[in-house]
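# Residue-level structure breakdown
Below are the chains, spelled out letter by letter.
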Amino acid sequence: MTRLIAVIERDLLKFKRNPVVIAVSVVMPLIYLVILGNAFQGKLTKLPMAVVDLDPGPSSRRLMENLRALETGAKTFTITTLKDQKEAIEAVRDGEFKAALIIPREFSRHVVVSDKAEIGLFVDNTDSISAESVRGAVEGALRSIREEYVPIREKGNAAYLRGIDLYGRVDYDQSLIPGVIIMAIFLSTMTTGVFNLVMDRFMGTDESYLLTPVTKSDIVTGLIISGLFITTILAMLVFGLSILVTGASFSGGLEQYLSIFLVIVLTSAGLLGMMFILLGRANHPRIVGVFSGFLNVIFYFPSGAIYPIASFPGWLKAFAKVNPETYAVDALKSLIFKNVGISAISGDIAFLAIFAAITMTMAIATFKRTL
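Before going into details, it helps to say that this report is about the structure given with it. What you see is a predicted model; the values in this text were computed from it and never measured.

In the structure shown here, the tally under the stated rule is 1 cavity of 30 Å³ or more. Asp-127, Ser-175, Ala-305, Ile-306 and Lys-333 are the residues nearest the centre of the largest cavity, which is lined by 13 residues in total. Breaking the lining of the largest cavity down by element, the ones donating at least two residues are α6 (128-143) and α7 (172-175).

Below, the structure written as structure tokens:
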């Protein structure tokens, strides 16, 4: 019994001597509550949608009134009116909008004469959650436009929504593939790179560095390169297995594969450098373990990997704009599901490259060789 108490006392004293662990243990649950509570709001809101109204008739006005009611009431989407159909569809392809609604000419006439009246809804179906939310809201608004009329016939007097997917069908599990790849990268960066240095420091073997002429840049760069090699292999393996498990159709060519490889390399390099900045002076693997869960919530959930960023509150949207995983997820979604070239994700590539360069430079500058 005495030995058991001694073990408990020793472990409590070790915990007390790590103020960072104590602080994170208290703050982390609160951060979980704030992040998860805002990232998973259940009901999607403020999804950007473009509307091109080519019909000046009463049915079109009625439909627009219903859509505006949803915009101001339930706040399902935010409407931007455009005049050109092609411009609206291209804006959806570019990621500016989640959907583009086209109300054709003589739509009101077809509704009044009980003809088959259709409107077109072009959706970015690579984001299946927001696509279904927009489609359901528009269908509801469309069904109610006939309520002000007394139908003469029971059949054939409805207006119809013709939904057009801009890309191949993407099921929900398939839409998570980019997020799974980023998760694999994150986990790998937490178990390579700076983690190896922390373990050496914890075991006392880091003192051997003092007997060699290596510089701090040699230590940091060497560990990042080895971690980058392992992380890239694992991430590409996860990508291949995810395609097989979900049955996703990926018909990309050499350019798409090379672009995916580049996104993975830049993301890995940036996160490895960031880990060195945050944990380069840690002396216990327990600190790495605590930070791993904390950082995963901070960077992964607001990245758009599992929930659309458009529905985040303003402060979380602002963080998403500087979150490297946001750009990695966006680039991978475009490459895997939209089959675009590297020029379409040039903005994402530029951000990831700058982030990697900054973090690696800061990692070398802040690391101390005198361990």
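The subject of this paragraph is the packing of helix α11 (residues 254-279) against helix α15 (residues 346-366). To characterise two packed helices, one gives the angle between the axes of the helices and the distance between these axes. The contact between α11 and α15 brings their axes to 8 Å, and the two run at 30 degrees. Classified by the interaxial angle, the pair formed by α11 and α15 is roughly parallel. The two elements α11 and α15 cross, and the hand of that crossing is left-handed. Of the residues in α15, those in contact with Leu-262, Val-263, Leu-266, Thr-267, Ala-269, Gly-270, Leu-271, Gly-273, Met-274, Phe-276 and Ile-277 of α11 are Ile-349, Leu-352, Ala-353, Phe-355, Ala-356, Thr-359, Met-360, Met-362 and Ala-363. Per-class residue counts for the contact of α11 with α15 are 16 nonpolar, 4 polar and no charged.

For the rest of this paragraph, the subject is the layout of surface pockets. The computed volume of the largest pocket comes to approximately 920 Å³. What lines the largest pocket is a set of 34 residues, and nearest its centre among them are Gly-95, Glu-96, Lys-98, Ile-309 and Asp-330. Elements that contribute at least two residues to the lining of the largest pocket include exactly α13 (314-320), α14 (324-337) and α15. Among the elements that line the lining of the largest pocket, the one with the most residues is α14, at 6 residues. Its boundaries defined by the atoms lining it, the second largest pocket holds a volume of some 200 Å³. If you go around the second largest pocket, you meet 13 residues; those closest to its centre are Gly-168, Arg-169, Ser-249, Ile-336 and Phe-337.

A few words now on the packing of helix α9 (residues 194-203) against α11. Across the interface, α9 lies against α11 with an axial gap of 9 Å and an inter-helix angle of 35 degrees. Contact residues: Val-194, Leu-197 and Val-198 in α9; Met-275, Phe-276 and Leu-279 in α11. Tallied by class, the residues present in the contact of α9 with α11 amount to 6 nonpolar, no polar and no charged.

Among the nonpolar cores identified, the biggest contains 61 residues, and Ile-181, Ile-260, Val-263, Phe-276 and Ile-336 are the most heavily contacted of them. Elements represented by at least two residues in this core include exactly α8 (177-191), α9, α10 (216-246), α11, α12 (285-300), α14 and α15. Looking at this core, the element that brings in the most residues is α11, giving 12 residues. In this structure Ile-336 touches Ile-177, Pro-178, Ile-181, Phe-239, Ile-243, Phe-250 and Ile-260, once residues within four positions along its chain are discounted. Within the second largest apolar cluster, 31 residues are counted, among which are Ala-117, Leu-161, Ala-310 and Phe-312.

Cut-off values and rules
Residues numbered from 1 in each chain as written. Predicted model: local features only at pLDDT ≥ 70, side-chain atom pairs only at ≥ 80, totals over all residues. Heavy atoms only, no water. 1 Å grid on protein atoms, 1.4 Å probe; cavity = no way out; pocket = protein on both sides within 12 Å on 5 of 7 lines; lining within 4 Å. Points joined across faces, edges and corners; volume = space filled by probe spheres on them. Helix = DSSP H or I, 4+ residues; strand = E, 2+ residues; numbered from the N terminus. Axes fitted to C-alpha atoms, helices over the stretch in contact; angles between N-to-C directions. Parallel < 35°, antiparallel > 145°, perpendicular 65-115°, else oblique. Left-handed = near helix turned anticlockwise from the far one by under 90°. Contact = heavy atoms within 4.5 Å. Nonpolar A, V, L, I, M, F, W, Y, C, P; charged D, E, K, R; others polar. Core = buried A, V, L, I, M, F, W, Y, C linked by side-chain atoms within 4.5 Å. Buried < 20%, exposed > 50% of the residue type's maximum accessible area, 1.4 Å probe, protein only.

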